[in-house]
Amino acid sequence: MSGPVRVRGSVVIPDSELSWRFSRSSGPGGQHVNTSDTAAELSFDVAGSPALPEPYRERALHRLSGRLVGGVLTVRAEEHRSQLRNREAAKERLAALLNEATAPPPKTRRPTKPSRRVQARRLENKRRRGELKRGRSGRFDD
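Residues numbered from 1 in each chain as written. Predicted model: local features only at pLDDT ≥ 70, side-chain atom pairs only at ≥ 80, totals over all residues. Heavy atoms only, no water.

A. Examining the overall build of the protein chain more closely. Helix and strand content of the protein chain: three helices and five strands. Ordered by position in the sequence, the α and β elements of the protein chain form the string β-β-β-β-α-β-α-α. On C-alpha atoms alone, the protein chain measures out to a radius of gyration of 28 Å, which is more than a quarter above the 14 Å that the 2.2 N^0.38 rule sets for 142 residues. Considering only C-alpha atoms, the protein chain reaches an extent of 85 × 45 × 25 Å along its principal axes. Among the 142 residues that make up the protein chain, the fraction classed as buried is 27%. (Helix = DSSP H or I, 4+ residues; strand = E, 2+ residues; numbered from the N terminus. Rg over C-alpha atoms; globule rule 2.2 N^0.38 Å. Buried < 20%, exposed > 50% of the residue type's maximum accessible area, 1.4 Å probe, protein only.)

B. The confidence of the model for the protein chain, seen in detail. Per-residue confidence for the protein chain gives a mean pLDDT of 88; residues scoring 70 or more make up 92%. The secondary-structure element of the protein chain with the lowest mean pLDDT is strand β1 (residues 5-8), recorded at 86, while helix α3 (residues 116-136) shows the highest, at 95. (pLDDT = per-residue confidence, 0-100.)

C. Structural view of the pattern of salt bridges. A full pass over the atoms with the stated rule returns nine salt bridges. One salt bridge connects R21 with E41, and the closest N-O pair in it is separated by 3.2 Å. You can see R21 sitting in strand β3 (residues 18-23) and its partner E41 sitting in strand β4 (residues 39-45), a full 20 residues away along the chain. The closest approach of N and O atoms between E124 and R127, which form a salt bridge, is 2.3 Å. (Salt bridge = Lys/Arg side-chain N within 4 Å of Asp/Glu carboxyl O.)

D. Examining the sheet that holds β3 more closely. One open sheet holds the three strands; their spatial order is β3-β4-β5, and the pairing between them is antiparallel. With one partner strand each, in any of the chains shown, β3 and β5 (72-77) form the two edges of the open sheet. For this sheet, the mean inter-axis angle between neighbouring strands, taken without regard to orientation, is 20°. The pairing of β4 with β5 spans six bridges and is classified as antiparallel. Pairing of D45 across the sheet is with V72, part of β5. Across the sheet, helix α2 (residues 83-101) is in contact with β3, β4 and β5; its angle to β5 comes to roughly 140°. (Pairing = 2+ DSSP bridges. Axes fitted to C-alpha atoms, helices over the stretch in contact; angles between N-to-C directions. Contact = heavy atoms within 4.5 Å.)

E. Molecular detail of the nonpolar core. F44, L64, L73, L94 and L98 are the most contacted members of the largest nonpolar core, which has 22 residues in total. Top element by residues in this core is α2. It accounts for seven residues. Aside from chain neighbours lying at most four places away, what touches L94 is V5, L18, L42, F44, L73 and V75. (Core = buried A, V, L, I, M, F, W, Y, C linked by side-chain atoms within 4.5 Å.)

F. Spotlight on the environment of P53. For P53, the position within the fold is in the loop between β4 and α1 (54-63). Residue classification places P53 among the partly exposed residues on the basis of a relative accessible area of 32%. Placed 17 residues apart in sequence, P53 and G70 show a C-alpha to C-alpha distance of 19 Å.

Next up, the structure:
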């Protein structure tokens, strides 16, 4: 079993802050599927976690607000037939979600104007294109 969940850099969520629930999953498995709890549901309290630094926590709470229920993020995995592989898949999914949610905001775009040469080239191409299209018509009244 993989160890703690690595969020980004040196920020790691220990296993003690994760809570698991298991249930029967759908999909392939025959009679085995009806008797074993292979679906894994991983919950992590984003709002109350001491492992997340304050700026990361604020970003995660803001960006994941649609997925949180009472400050808790829940990830479910049931694509594999074994509970162990579903647990690993849920941990990977949680790590990816938190990594994306705690990323620093992108740099703001500074608007720039196109240069005069680029504008002139664009207008010249438009003029040529218009002449070409005018030449295709049956009329010759220039």
